[in-house]
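# Coordinate analysis (summary)
Take a look at the letters that make up each chain.
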There are 2 protein chains.
Amino acid sequence: MEKYVSVLKRTRLFAGVTEAEIAAMLSCLDAKLRAYKKGEYVLRQGEHLDRITVLVGGSLHIQKDDYWGNRAIIQRIAVGEMFGEAYIAPESGALPHDVVAIEDSIVMLFDLRRMMTVCSSACRFHATVVHNLFFAISEKNRKLVQKLGHISKRSTREKLISYLSEEAKKQSSASFTIPFNRQQLADFLSVDRSAMSNELCKMRDEGLLEFDKNAFKLLQGEE
Amino acid sequence: MEKYVSVLKRTRLFAGVTEAEIAAMLSCLDAKLRAYKKGEYVLRQGEHLDRITVLVGGSLHIQKDDYWGNRAIIQRIAVGEMFGEAYIAPESGALPHDVVAIEDSIVMLFDLRRMMTVCSSACRFHATVVHNLFFAISEKNRKLVQKLGHISKRSTREKLISYLSEEAKKQSSASFTIPFNRQQLADFLSVDRSAMSNELCKMRDEGLLEFDKNAFKLLQGEE
DNA sequence: TTTTCCTCGTTGTAAAAACAACAGACTTGT
DNA sequence: ACAAGTCTGTTGTTTTTACAACGAGGAAAA
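What counts, and at which threshold
- Residues numbered from 1 in each chain as written.
- Chains lettered and ligands numbered in written order.
- Predicted model: local features only at pLDDT ≥ 70, side-chain atom pairs only at ≥ 80, totals over all residues.
- Heavy atoms only, no water.
- Contact = heavy atoms within 4.5 Å.
- Buried area = accessible area lost by both parts, 1.4 Å probe.
- Salt bridge = Lys/Arg side-chain N within 4 Å of Asp/Glu carboxyl O.
- Polar contact = N/O pair within 3.5 Å; in protein donor to acceptor, adjacent residues only side chain to side chain.
- Helix = DSSP H or I, 4+ residues; strand = E, 2+ residues; numbered from the N terminus.
- Nonpolar A, V, L, I, M, F, W, Y, C, P; charged D, E, K, R; others polar.
- Core = buried A, V, L, I, M, F, W, Y, C linked by side-chain atoms within 4.5 Å.
- Buried < 20%, exposed > 50% of the residue type's maximum accessible area, 1.4 Å probe, protein only.
- Axes fitted to C-alpha atoms, helices over the stretch in contact; angles between N-to-C directions.
- Least-squares fit on C-alpha atoms with pLDDT ≥ 70 in both.
- Near = heavy atom within 4 Å.
- Pairing = 2+ DSSP bridges.

Here we take up the interface of chain B and chain A. Taken together, the 43 residues of chain B in the interface contact 43 residues of chain A. Here chain B and chain A share an interface that buries about 3,700 Å² over both sides, 65% of which is from carbon and sulfur atoms. Three residues, Phe134, Arg142 and Arg154 of chain B, lead the burial of chain B against chain A; their summed loss comes to 19% of the area buried on that side. At the boundary of chain B with chain A, the tally comes to 4 salt bridges. As a salt-bridge pair, glutamate 91 of chain A and arginine 142 of chain B come within 3.9 Å of each other at their nearest N and O atoms. On inspection of chain B and its partner chain A, the count reaches 4 residue pairs in polar contact (both at pLDDT 80 or more). For the side of chain B that touches chain A, the secondary-structure elements that each account for two or more residues are strand E5 (71-77), helix H3 (112-116) and helix H4 (126-151) of chain B. Per element, the largest residue contribution to the side of chain B that touches chain A is 16 residues, and it comes from H4 of chain B. The residue makeup of the side of chain B that touches chain A, split by class, is 21 nonpolar, 8 polar and 14 charged.

If you want it as structure tokens, here you go:
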């Protein structure tokens, strides 16, 4: 448990709290660890949640498959991010999607009530965490809006440009790698893989970008 | 100001707080009122927010227009809902979209710090509001995911079915009205208006649904 | 090492969406 | 009451996407 304190330290949820303080809070928050193998389901559609979950190792996809096998990747969860937090509210129904481990992953769970209620003496920084909880879910919210911005573009090319530009911006470089393979990127942008692959190559031939597997480089006057 | 206390009473943000208590909290939260005419901008892309905003009258669209005049309606805000709350966090940049009044509207603003920090004696129910703040933003989060579910459908027909089914479910009836005209619905689902109109009529001719302006009725074995 | 599996690009075809343009019904404002 | 403007459906054309199928290359497994 303690080996993940340094990971928690860098999360939005525990921003401004020292490692010693985090370590002290773990029991107060009734923290628990779960490990998942690559491909395993961390959460399944239909489940009811009552705990705050933070990924402390590996990576996850929040995804949904329909009757015909079409997969939609709603969000990718990287180390340090929360997930499922929007479905803890009492009035929210069951989880409407699956959460799957993309590689071997470690998840830490916290008791929501204890996290939201400032306790007595032991945890002086508990109030900070309550604030952080709001800011962390705000961050998720902004990411969803950003994703909406990508997939609400009309054409595959625009979706790609929107996504890749943001990724370049996020990594502060015209050269960057993405955390998806082609099929996953297509599922994320909700387009057909082969059509997307085709469009990528056209863009490459037009000199808009270069790529090799997951490594991309945007050319021309990108801002 | 006091005339809107009954509205606030029914919001997620003030759930479990009596009207008398809300009235008492207004000054503590440094509440302020703003009025907007139909068509006016409530917030503009690029602004920096530092207050919690709740719509207490009218209706708003959160939308974004691109260079070519394509409009994307990200979300519709109804009375009692918060908006912009995800962009109050210190690390969030400027607001990436506009907020526009669709009809004459009234907005109430609250001080975030005072809302998040439990004060001394006066506001006993302040702690409840802190919890509610989290649940309210959770609700927004779920709505965004739901919207993602609609527009990540591949075809216009599927997008329509996804949206209309949800609306029927929300209003607990196969007959319901939607808060959009055709152009707005198209901008919301990010499809072309005429193509969507065409598809709607095809679906009507196939006996899937009936409609008259904003009133829809789903037919056949809808669940 | 060999075999199997997975990823990625490529092509052709069929289906669907975007686009443009217009007419009729209805609203709004004067 | 009239004129201007808006909303909606409709049609035909062009562009784009989805779909299906396959082969090359590389990675993983036997």
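A separate point is the nonpolar core. Within the largest apolar cluster, 100 residues are counted, with the highest numbers of intra-cluster contacts made by Ile52, Phe83 and Phe110 of chain A together with Phe14, Ile52, Phe83 and Phe110 of chain B. Setting aside anything within four residues of it in sequence, one finds phenylalanine 83 of chain B in contact with Val42, Leu43, Thr53, Val54, Leu55, Leu60, Ile62, Ile77, Val99, Val107 and Lys140 of chain B.

Residues and elements named next belong to chain B. At a closest axis distance of 7 Å, the pairing of H4 and helix H5 (residues 156-170) adopts a crossing angle of 145°. Of the residues in H5, those touching H4 at Gln146, Gly149, His150 and Ile151 are Lys159, Ser162, Tyr163 and Glu166. Residue composition of the contact of H4 with H5, grouped by class: 2 nonpolar, 4 polar and 2 charged.

Before going further, it helps to examine the relation of the copies chain B and chain A. For these two chain copies, the linking operation is a rotation about an axis paired with a shift along it. The two copies are related by a screw motion: chain B maps onto chain A through a turn of 180° and a shift of 0.0 Å along the axis, at an RMSD of 0.0 Å. Considering both components of the superposition, the chain copies are consistent with a two-fold axis. By residue overlap, the copies meet face to face through one surface: 100% of the interface positions of chain B are interface positions in chain A.

Turning next to the protein's contact with DNA strand D. Of all residues adjacent to DNA strand D, which total 16 residues, the nearest are Thr156 of chain A together with Arg182, Ser197, Asn198 and Phe211 of chain B. Each atom of DNA strand D within 4 Å of the protein belongs either to a base or to sugar and phosphate, the latter forming 59%. One nitrogen or oxygen atom from the main chain of aspartate 192 of chain A is found 3.0 Å from a phosphate oxygen belonging to DNA strand D. Of all elements in the fold, only helix H7 (193-205) of chain A together with helix H7 (193-205) of chain B reach the threshold of two or more residues within the surface near DNA strand D. Among the elements that take part in the surface near DNA strand D, H7 of chain B stands out by supplying 6 residues, more than any other. Residue composition of the surface near DNA strand D, grouped by class: 4 nonpolar, 7 polar and 5 charged.

Residue and element names in this part refer to chain B. Pairing is antiparallel across the open sheet formed by 4 strands, whose spatial order is E1-E8-E3-E6. Two strands in the sheet have a free side with no partner beyond their single neighbour: strand E1 (32-36) and strand E6 (82-83). For strand E3 (residues 51-57) and E6, the ladder comprises 2 bridges, and the chain directions are antiparallel. Looking at E6, one finds that valine 54 is bridged to methionine 82.

Below, the discussion takes up the protein's contact with DNA strand C. The full set close to DNA strand C counts 17 residues, and Arg182, Ser197, Asn198 and Phe211 of chain A together with Thr156 of chain B are the nearest of them. The sugar and phosphate moieties of DNA strand C supply 62% of its atoms located within 4 Å of the protein. In this structure, arginine 182 of chain A approaches DNA strand C through a main-chain N or O atom, which is 2.8 Å from a phosphate oxygen. A distance of 2.9 Å is found between a phosphate oxygen of DNA strand C and a side-chain nitrogen or oxygen belonging to serine 197 of chain A. Taken together, the elements giving at least two residues each to the surface near DNA strand C come down to H7 of chain A together with H7 of chain B. Taken together, the residues that form the surface near DNA strand C break down as 4 nonpolar, 7 polar and 6 charged.

Further remarks concern the sheet that holds strand E11 (residues 215-218) of chain B. Residue and element names in this part refer to chain B. The 3 strands lie next to each other as E9-E11-E10, forming an open sheet whose pairing is antiparallel. The open sheet has two edge strands with one neighbour each: strand E9 (175-177) and strand E10 (209-212). If you compare each strand with its neighbour and ignore which way they point, the axes differ by 20° on average. Relative to E11, E9 is paired through 3 bridges, and the arrangement is antiparallel. Opposite phenylalanine 176, over in E11, you have phenylalanine 216 as the bridge partner. Where H7 meets the sheet, its contacts fall on E10 and E11, and the angle it forms with E10 comes to roughly 125°.

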